[in-house]
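Structural characterization, general
Here is what each chain is made of, one letter per residue.
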Amino acid sequence: MDSTTMLTAWEAWQLPLLPDWTGQGLARQGLWALVLGGAVSWLTPRAWPLGLRLALLALVLLWVALPGALSVSHWLGLAFKAPSLSSAALGLVALVLALRPSQRHTLGLAAPAAQPLWRYLRWLGVGLGWLLLLDLLALLPTSLYAWGFGTPALALVLLVLWLLAWRFAALPAAQPTLLLAAALLLLFVLTRWPSGNLWDALLDPWLWLVCNGWLVRHLYRKWRT
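Throughout what follows, the structure given in this document is the object of discussion.

Conventions we followed
- Residues numbered from 1 in each chain as written.
- Predicted model: local features only at pLDDT ≥ 70, side-chain atom pairs only at ≥ 80, totals over all residues.
- Heavy atoms only, no water.
- Helix = DSSP H or I, 4+ residues; strand = E, 2+ residues; numbered from the N terminus.
- Buried < 20%, exposed > 50% of the residue type's maximum accessible area, 1.4 Å probe, protein only.
- Expected span 1.5 Å × (residues − 1).
- Arc of directions from axis to C-beta.
- Axes fitted to C-alpha atoms, helices over the stretch in contact; angles between N-to-C directions.
- Parallel < 35°, antiparallel > 145°, perpendicular 65-115°, else oblique.
- Left-handed = near helix turned anticlockwise from the far one by under 90°.
- Contact = heavy atoms within 4.5 Å.
- Nonpolar A, V, L, I, M, F, W, Y, C, P; charged D, E, K, R; others polar.
- Lys, Arg positive; Asp, Glu negative; His and termini not counted.
- Salt bridge = Lys/Arg side-chain N within 4 Å of Asp/Glu carboxyl O.
- Phe/Tyr/Trp six-rings, centres within 6.5 Å; stacked < 30°, edge-to-face > 60°.
- Lys NZ or Arg CZ within 6 Å of the ring centre and 35° of its normal.

1. Focus: the overall build of the chain
Looking only at helices and strands, the chain has twelve helices and zero strands in total. Mapped from its N terminus to its C terminus, the chain presents α and β elements in the order α-α-α-α-α-α-α-α-α-α-α-α. When each of the 225 residues of the chain is scored for burial, the buried share is 36%.

2. Regarding helix α10 (residues 175-191)
With 17 residues, α10 ought to run about 24 Å at 1.5 Å a step, and its terminal C-alpha atoms sit 24 Å apart, in line with that. Buried within α10 we find Thr-177, Leu-178, Leu-184, Leu-185 and Phe-188. What you see down the axis of α10 is that its buried residues fit within an arc of 120°, all on one side. Facing away from the buried surface of α10 by more than 90 degrees, the exposed residues are Leu-179 and Leu-190. Positive backbone phi, at 60°, marks Arg-192, one or two positions downstream of α10.

3. As for the packing of helix α5 (residues 85-99) against α10
With their axes 10 Å apart at the nearest point, α5 and α10 run at an angle of 135° to one another. Regarding the angle of α5 to α10, the classification is oblique. The two elements α5 and α10 meet at a crossing, and its hand is right-handed. Contacts between α5 and α10 pair Leu-85, Ser-86, Ala-89 and Val-93 from the former with Leu-180, Leu-184, Leu-187 and Phe-188 from the latter. Its residues placed into classes, the contact of α5 with α10 shows seven nonpolar, one polar and no charged.

4. Examining the side chain of Asp-135
By the secondary structure assignment, Asp-135 is in helix α7 (residues 115-136). Put simply, Asp-135 is tucked away with no salt bridge, and the nearest opposite charge, on Lys-81, sits 13 Å away. Leave out the neighbours within four places in its chain, and Asp-135 touches Leu-140, Thr-142, Ser-143, Leu-144 and Tyr-145.

5. Focus: helix α12 (residues 205-224)
An α-helical turn contains 3.6 residues, so any two residues separated by three or four positions project in the same direction. End to end, α12 covers 28 Å across 20 residues, agreeing with the expected 28 Å (1.5 Å per residue, within 8%). Every buried residue of α12 is listed here: Leu-207, Trp-208, Cys-211, Asn-212, Trp-214 and Leu-215. One side of α12 holds all its buried residues, which, seen down the axis, span an arc of 155°. Pointing more than 90 degrees away from the buried face of α12 are the exposed residues Pro-205, Val-210, Val-216, Arg-221, Trp-223 and Arg-224.

6. Re the packing of aromatic side chains
If you walk through the whole model with that rule in mind, you get seven aromatic pairs. Their ring planes at 85° and their centres at 5.5 Å tell us that Trp-123 and Trp-214 sit as a pair that is edge-to-face. With Trp-123 in helix α7 and Trp-214 in helix α12, this pair connects stretches of sequence that are 91 residues apart. By relative accessible area, Trp-214 is classed as buried at 10%. Aromatic pair Tyr-145 and Phe-149: ring centres 5.7 Å apart, planes at 90°, arrangement edge-to-face. A relative accessible area of 32% means that Tyr-145 is categorised as partly exposed. It is Arg-167 that lies over the ring of Phe-168; its NZ or CZ is 4.8 Å from the centre.

Below, the structure written as structure tokens:
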């Protein structure tokens, strides 16, 4: 195989796979429904009756489902595009934890044994967000965001997931989180939601700000102690 053939194969490997226009619209509405539904369920006081909380959740989901400019997802999409698959997954988890509190430990999201894995994930989110910000400011030697459209980025993320599984799979409380992460990557491979770029599927600006807020709180607590 000569160098020209190898270069052509590499370029073909790098070709981006994008979701179709209809799929992008459905993804934007569905992802915003999960994020907003999870936020409402998590922020609603637990002292409120379950029926009232469900009614409020139904109103928010109905607002998202309205067509065209009547939908809140339309305006959020204009301002922020679509949330990441990670944010939607966290919204789904928040829905389950808020509406079925007995499942909290079953999901392994609040058990102490799962905390080291979540710390790793938050650190990864903080680091990826800062690298993407540097890329946006053209301070990196290559375009990291453009790399997210290709297969090598997916291979790298799968390697990171495998390393996390190797480190934490023995902890029963961490296994649901690992399965959720694997399902998220599989959904991206099958649909390329929300934009065809892997980094958009893993992280969005709001989720990155939340991760940075956790980092600031973590460092403040360490400084206090």
